[in-house]
Amino acid sequence: MAKRVAVIGSGVSGLTSIKCCLDEGLQPTCFERSDDIGGLWRFTEKVEEGRASIYRSVITNSSKEMSCFSDFPMPEHFPNFLHNTKFLEYLKLYAKNFDLLKYIQFKTTVISVRKCQDFSTTGQWIVVTESNGKQVSDTFDAVMVCIGHHRESYVPLQSFPGIEKFKGQYFHSRQYKTPEGFEGKTILVVGMGNSASDIAVELCQRAAQVYLSTRGGSWVISRVYDNGYPWDTVIHTRYSNLIRSFLPWTLLKWVTEKKMNEWFDHENYGLVPQNRALMKEQVFNDDLPSRILCGSVVVKPVVKEFTETSAIFEDGTVMENVDVVIFATGYSFSFPFLEESVIKVENNQAPLYKHVFPPQLEKPSLAVIGLIQPLGPIMPTAELQARWATRVFKGLSVLPSENTMMTDTLKRREKRIHWFGTSRSQTLQTDHIEYLDELAEGSGAKPKIFSLLLTDPRLALLIFFGPCSPFQFRLTGPGRWDGARNAILTCKERIIKPTKTRVVDKITFTLKSCIVLTQSENLFAKVRLWQSADVLKDRNVKHGPK
Ligand code: FAD
Ligand code: NAP
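Residues numbered from 1 in each chain as written. Chains lettered and ligands numbered in written order. Predicted model: local features only at pLDDT ≥ 70, side-chain atom pairs only at ≥ 80, totals over all residues. Heavy atoms only, no water.

Peer 1: Any details on the domain arrangement of the protein? Residues and values, ideally.
Peer 2: Domains assigned within the protein are domain 1 (4-150 + 332-447) and domain 2 (155-222 + 263-329). Between the C-alpha centres of domain 1 and domain 2 there is a distance of 31 Å. Facing the 26 residues of domain 1 at the interface are 15 residues of domain 2. Carbon and sulfur atoms make up 49% of the surface buried where domain 1 meets domain 2, a total of about 1,600 Å² over both sides. Here domain 1 is connected to domain 2 by zero salt bridges. Sort the elements by how many residues they give to the side of domain 1 that touches domain 2 and helix α10 (residues 402-420) lands first, with four residues. (Domains from an automatic or database assignment. Contact = heavy atoms within 4.5 Å. Buried area = accessible area lost by both parts, 1.4 Å probe. Salt bridge = Lys/Arg side-chain N within 4 Å of Asp/Glu carboxyl O. Helix = DSSP H or I, 4+ residues; strand = E, 2+ residues; numbered from the N terminus.)

Peer 1: So what's going on with the environment of Ser222? Which residues, and what values?
Peer 2: Note that Ser222 resides in the loop between β12 (220-221) and α5 (231-235). Separated by 25 residues in sequence, Ser222 and Ser197 place their C-alpha atoms 12 Å apart. Ignoring sequence-local partners within four residues, the contact set of Ser222 consists of Trp231, Trp263 and Asp286. Only 2.9 Å separates the side chain of Ser222 from the backbone nitrogen of Val224, close enough to count as a polar contact. (Polar contact = N/O pair within 3.5 Å; in protein donor to acceptor, adjacent residues only side chain to side chain.)

Peer 1: Please give an account of the pattern of salt bridges that cites residues and values.
Peer 2: In total, this model carries 31 salt bridges according to the counting rule given. Among the salt bridges present, the one from Lys167 reaches Glu308, with a minimum N-O distance of 3.3 Å. Of this pair, Lys167 sits in the loop between β8 (152-153) and β9 (169-172) while Glu308 is found in the loop between β15 (303-306) and β16 (311-313), placing the two residues 141 residues apart along the sequence. Note that Glu346 and Lys344 form a salt bridge whose closest N and O atoms lie 3.9 Å from each other. Among the residues examined, Lys344 registers a relative accessible area of 38% and is labelled partly exposed. Bridged by salt links that share partners, the residues Lys19, Asp23, Asp71, Glu383 and Arg474 form one connected network. (Buried < 20%, exposed > 50% of the residue type's maximum accessible area, 1.4 Å probe, protein only.)

Peer 1: Kindly report on a nonpolar patch on the surface, identifying the contributing residues and their values.
Peer 2: Taken together, the side chains of Tyr239, Ile243, Phe450, Leu453, Leu454, Leu461 and Phe465 make up a nonpolar region of the molecular surface, amounting to roughly 780 Å² of accessible area. For the nonpolar patch, the secondary-structure elements that each account for two or more residues are α6 (238-246), α12 (449-455) and α13 (457-465). The element contributing the most residues to the nonpolar patch is α12, with three residues. In this structure, Phe450 sits in helix α12. (Patch = residues over 30% accessible without salt bridge, like charges linked within 9 Å, V, L, I, M, F, W, Y side chains within 5 Å. Areas by Shrake-Rupley, 256 points an atom, 1.4 Å probe, with all protein chains shown as cover.)

And the structure:
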């Protein structure tokens, strides 16, 4: 009989976990506390307990070619960065395509997961759920915990003396929905992550003034990267990764800093990260520098103290008549239905082997999926975690000894601190391609670039120099997908499709104009060349798609 797996949550991680169970011939039952799929990506006007809550305007900061599941590309007409409603639409298409909905019990909250008495021989769990006030208990061979890590607000009020006296309104970014109601107000946003920057930029269009208070700064980059391609399709290539891994630390730091400052000088904008050597998650915001330039967002240092009406900053400056303070100070996570002996969360960290398995369990029958903040998108990462976990449940992939797993977990922590620092916002941070490859090794899905060079050189070169898209992990091994090769070869077309909605022919230079340029050193001739090119361009313009 097929093993029964309880999947807790039906967001990105839960949906792909159900699919991976089915692919491995396991029998999933998914419990979802809310009334629909999508998790964080399903916007609601009201904040729901136990589920992540987003503001209406959230747009993905990872692009569609990098943020899809590996055997289900996004429709080619979808924009490269998606509004939350569009991303939810993709998740719904995925669930429909693989017929996942029938495995989900909605409005059903998991309240307890306990080892069976004979756990050391069976690895089974007793899962207690609650629905409409009724509790039900059931036994499962394995459990996949897919509850996300943006459910619990982190508001470090102890770091802000005087906040209890503050007479204005204050709340966490999780409560923020839309800019309505903030017209004409003076607003202080605390934090310098993606939430803080998005909210500051949105509010400054309505508020009297927005201040953005940061203690550590951040690199801010545009979603639009080299030659107009989405940032992650340029940064996350195997080629760039290899170069980065070979560069000496000081040179890497210098190159990164230079690249980050290409758009604007972070020092002049008061945003430069305190510790520039760290590779912590960037802020992706196309508008923030412009808002700072226009004065509608003013960057301030950390708040030292609040009074009834004002904020006093570390540098001694005072902001009077503050109406609203928004703490965009990140999140905490916990596993309310698990005993500490299974996973003990300390300082916002959980000791999990490769971020998935509790090392000390007698049987590897519980996996945490999506408890991670990779430098790239979480979707393909969660998917590979689930592919690996389901193979472990089936005994097709074997975990090392507890000792080896503990040592690996500690080493990983040291590496993380070295690369990303000790800040609370970085405790789940990992690199991207290295981690994907590691997981893919566990599920036999790592692309074999060298052998492909001999059999399919075009594909091999695209895998190495092109975006490290999820399809790379469906070319080989169990779960191989026939469409993967074509999805890689046509990736660039899908990126361009939604932007090239007015087709313009390529500029062609006449031989005569080239000769003018090469023969003439003077500026006048160069100007004439560009003028003639413009004339040609105008003549070739066609309106609307071909
Ligand atoms: P979630 O989406 O949080 O889903 C968890 C599900 O579990 C929910 O449906 C919840 O109701 C359910 N659940 C919880 N507890 C229980 C229980 N006890 N019983 C039953 N059900 C339960 N990542 C990216 O890669 N790209 C992005 O562009 C991006 N943008 C983001 C924007 C914002 C504002 C935030 C906060 C995060 C963003 N992220 C992004 C990270 C985000 O976490 C992932 O994109 C993704 O949503 C994680 O999916 P998940 O399934 O792990 O968790
Ligand atoms: P976050 O990344 O954890 O950032 C929290 C911020 O609060 C950090 O700048 C942190 O500073 C600051 N902070 C924490 N404690 C503080 C204190 N005591 N005093 C002063 N500052 C303090 O949280 P987030 O911005 O909500 O983002 C959470 C995740 O969601 C991220 O992965 C992010 O990429 C994602 N997200 C994505 C989008 C999008 O796609 N558009 C939008 C929002 C969020 P330090 O760094 O100095 O600790």
